[in-house]
Amino acid sequence: MSLPVFLIDGAALRGSDRVTLDGDEGRHAAVVRRIGVGERVQLTDGAGQSARCVVVAADRTGLTCHVEERHDEPEPEPRIVVVQALAKGDRGETAVETLTEVGVDEIVPWAAERCITRWKGDRGEKALRKWRSTAREAAKQSRRPWFPEVSELASTSEVAARLERAALAVILHEDADHSVATLDIPARGEIVLVVGPEGGIAPAELTRFASAGAIAALLGPTVLRTSTAGTVAAGVVLARTPRWAHLGP
């Protein structure tokens, strides 16, 4: 059975063998999850460090844990980035959750021309916090040593600049001649996948991204929703990298 995972500051994990899990995570572990003395937990800083621990004390403020085993995971390569156009309803959170579970390293919210949803003012700040919270909880659930970054909302110009710097930049598009499954995948650097909104990527955006060096590619014979396309594409790409090729004993 997998151990429950809780997020902790990295400095605490680098200290002594006695670690205190407090704050919101500690209260959640002790009060909501009702984890008690003698139980084991996995603590992580979301940046490669993790520790297998046994609980030696518990109260309403959190847990005190004894570290049994530490592990330091190097940052994975190549780095997978998904530029995710804003989606209506809860489809944006669905995309973030599954992108995190599959192993994407960064999710870039994109204000595409044809987005129905708009992030403005307090509403935009709240939506970004929701995406980040969704990514954090999905990373804990999927037991990731490295949590994904959810960056600030990006404009089309900012996305184009990101594509120019990428080792491989791909626009997911149903009219493309290339398949994601046949692209040459670099072993290092940053791979950026662009997912459009419900109404599709506008022609001007396609032209701008192509000028930045992005390749249009499709996933298969069916058209996927914006909430699932990035996750499927990331899975196809990851399956052809060392990150998934050398799993297991």
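Throughout, a residue's number is its position along its own chain's written sequence, starting from 1. Per-residue local features are limited, in this predicted model, to residues with pLDDT of at least 70; the limit for side-chain atom pairs, both in listing and counting, is 80 or more; totals at the level of whole chains, interfaces and linings are taken over all residues. For the side-chain quantities, the full set of heavy atoms in the structure was used; hydrogens and water were omitted.

Going by an unreviewed UniProt entry, the protein chain carries the name Ribosomal RNA small subunit methyltransferase E and comes from Phytoactinopolyspora halotolerans. According to the UniProt record, the Function (unreviewed entry) comment for the protein chain is "Specifically methylates the N3 position of the uracil ring of uridine 1498 (m3U1498) in 16S rRNA. Acts on the fully assembled 30S ribosomal subunit." Entered under Catalytic activity (unreviewed entry) in the UniProt record, the comment concerning the protein chain runs "uridine(1498) in 16S rRNA + S-adenosyl-L-methionine = N(3)-methyluridine(1498) in 16S rRNA + S-adenosyl-L-homocysteine + H(+)". UniProt positions are given in the numbering used here, feature names are shortened, and annotations may be inferred rather than shown by experiment.

Q: Report on the overall build of the protein chain, specifying residues and quantitative values.
A: A run of DSSP states H or I qualifies as a helix once it reaches four residues; a run of E qualifies as a strand once it reaches two. Both are numbered from the N-terminal end. Looking only at helices and strands, the protein chain features 8 helices and 12 strands. The C-alpha atoms of the protein chain give 20 Å as radius of gyration, which agrees with the globular expectation for 249 residues (18 Å, within 12%). C-alpha atoms of the protein chain, sized along the principal axes, occupy 60 × 45 × 30 Å. For the exposure calls, accessible area comes from a 1.4 Å probe over protein chains only, and a residue counts as buried if that area is under 20% of its type's maximum, exposed if over 50%, partly exposed in between. In the protein chain, buried positions account for 48% of the 249 residues. Partitioning the intrachain contacts of the protein chain with sequence separation of at least 6 by distance along the chain shows that 73% fall at a separation of at least 24. Computed by Shrake-Rupley with a 1.4 Å probe, the accessible areas treat only the displayed protein chains as cover when residues are assessed. Looking at the protein chain as shown, the accessible area adds up to about 12600 Å², and 49% of this sits on carbon and sulfur atoms. For the radius of gyration, the atom set is restricted to C-alpha positions; the globular benchmark scales as 2.2 Å times the number of residues to the power 0.38. Any two residues whose heavy atoms approach within 4.5 Å at even a single point are treated as in contact.

Q: Residue-level account of the side chain of R243, with values.
A: Relative to the helices and strands, R243 resides in helix α8 (residues 242–245). Pairing of N or O atoms within 3.5 Å defines a polar contact, subject to two protein rules: one partner must be a possible hydrogen donor and the other a possible acceptor, and residues neighboring in sequence count only if both atoms are side-chain atoms. Within the local environment of R243, its side chain forms a polar contact with the backbone oxygen of P78, the two atoms lying 2.8 Å apart. Engagement of the side chain of R243 in a polar contact is seen with the side chain of D105, the distance being 2.6 Å.

Q: An account of the UniProt feature "domain: Ribosomal RNA small subunit methyltransferase E PUA-like" (unreviewed entry) in the protein chain is requested, with residue identities and associated values reported.
A: Feature annotation in UniProt assigns "domain: Ribosomal RNA small subunit methyltransferase E PUA-like" (unreviewed entry) to the following positions: residues 21–67. Each end of residues 21–67 is marked by a C-alpha atom, and these two atoms are 12 Å apart; helix forms 21% of the span and strand 49%.

Q: Give a detailed account of the nonpolar core, specifying residues and quantitative values.
A: Within this scheme, the nonpolar core is defined by two criteria: the residues are buried Ala, Val, Leu, Ile, Met, Phe, Trp, Tyr or Cys, and they are joined through side-chain atoms within 4.5 Å. Judged by nonpolar contacts, the single largest core of 50 residues is most densely connected at V104, W110, V159, L163, L193, V194 and F209. Put simply, the parts of the chain that give this core at least two residues each are β6 (79–85), α3 (91–102), β7 (106–110), α4 (121–141), α5 (156–165), β9 (168–172), β11 (190–195) and α7 (226–238). Ignoring sequence-local partners within four residues, the contact set of L193 consists of V81, V82, V83, V170, A233, A234 and V237. In this structure, L13, A30, L63 and C65 belong to the second largest nonpolar core, which totals 16 residues.

Q: Could you give me a rundown of the pattern of salt bridges, with the residues and numbers involved?
A: By definition, a salt bridge exists where a carboxyl oxygen of Asp or Glu is found within 4 Å of a side-chain nitrogen of Lys or Arg. Tallied over the entire structure, the rule returns 17 salt bridges. With its nearest N and O atoms 2.8 Å apart, the salt bridge here joins E106 to R79. Pair noted here: E106 is in strand β7 and R79 is in strand β6, with a separation of 27 residues, a long-range link. In this structure E106 comes out as buried when scored by relative accessible area, which is 4%.

Q: An account of the packing of α3 against α4 is requested, with residue identities and associated values reported.
A: Axis definition: a line fitted to C-alpha atoms, limited for helices to the stretch in contact. Angles are taken between N-to-C directions and run from 0 to 180 degrees. Packing of α3 against α4 brings their axes to within 8 Å, and their N-to-C directions diverge by 35°. For the crossing formed where α3 meets α4, the hand is right-handed. Here α3 contributes G92, E93, V96, E97, T100 and E101 to the contact with α4, which in turn contributes K130, W131, T134, A135, A138, A139 and Q141. When residue character is reported, Ala, Val, Leu, Ile, Met, Phe, Trp, Tyr, Cys and Pro are called nonpolar, Asp, Glu, Lys and Arg charged, and the others, Gly included, polar. Among the residues making up the contact of α3 with α4, the classes are represented as 5 nonpolar, 4 polar and 4 charged. By convention, the crossing between two helices is left-handed when the near helix turns anticlockwise from the far helix through less than a right angle, and right-handed when the turn is clockwise.

Q: How would you summarise the packing of aromatic side chains if you had to cite specific residues and measurements?
A: Aromatic rings from Phe, Tyr and Trp, taking only the six-membered ring of Trp, are treated as a pair when their centres fall within 6.5 Å; an angle between ring planes under 30 degrees marks them as stacked, one over 60 as edge-to-face, and anything in between as tilted. Scanning the model with the defined rule gives 2 aromatic pairs in all. Each ring, one from W110 and one from F209, has its centre 5.4 Å from the other, and the planes form 55°; the classification is tilted. Remark: F209 occurs in helix α6 (residues 203–211) and W110 occurs in strand β7; sequence separation between them is 99 residues. We classify W110 as buried; its relative accessible area is 0%. Using a relative accessible area of 0% as the deciding quantity, one classes F209 as buried. With a centroid separation of 5.0 Å and 80° between ring planes, the pair formed by W119 and W131 is classed as edge-to-face. Note that W119 is positioned in the loop between β7 and α4 and W131 in helix α4, a separation of 12 residues in sequence.

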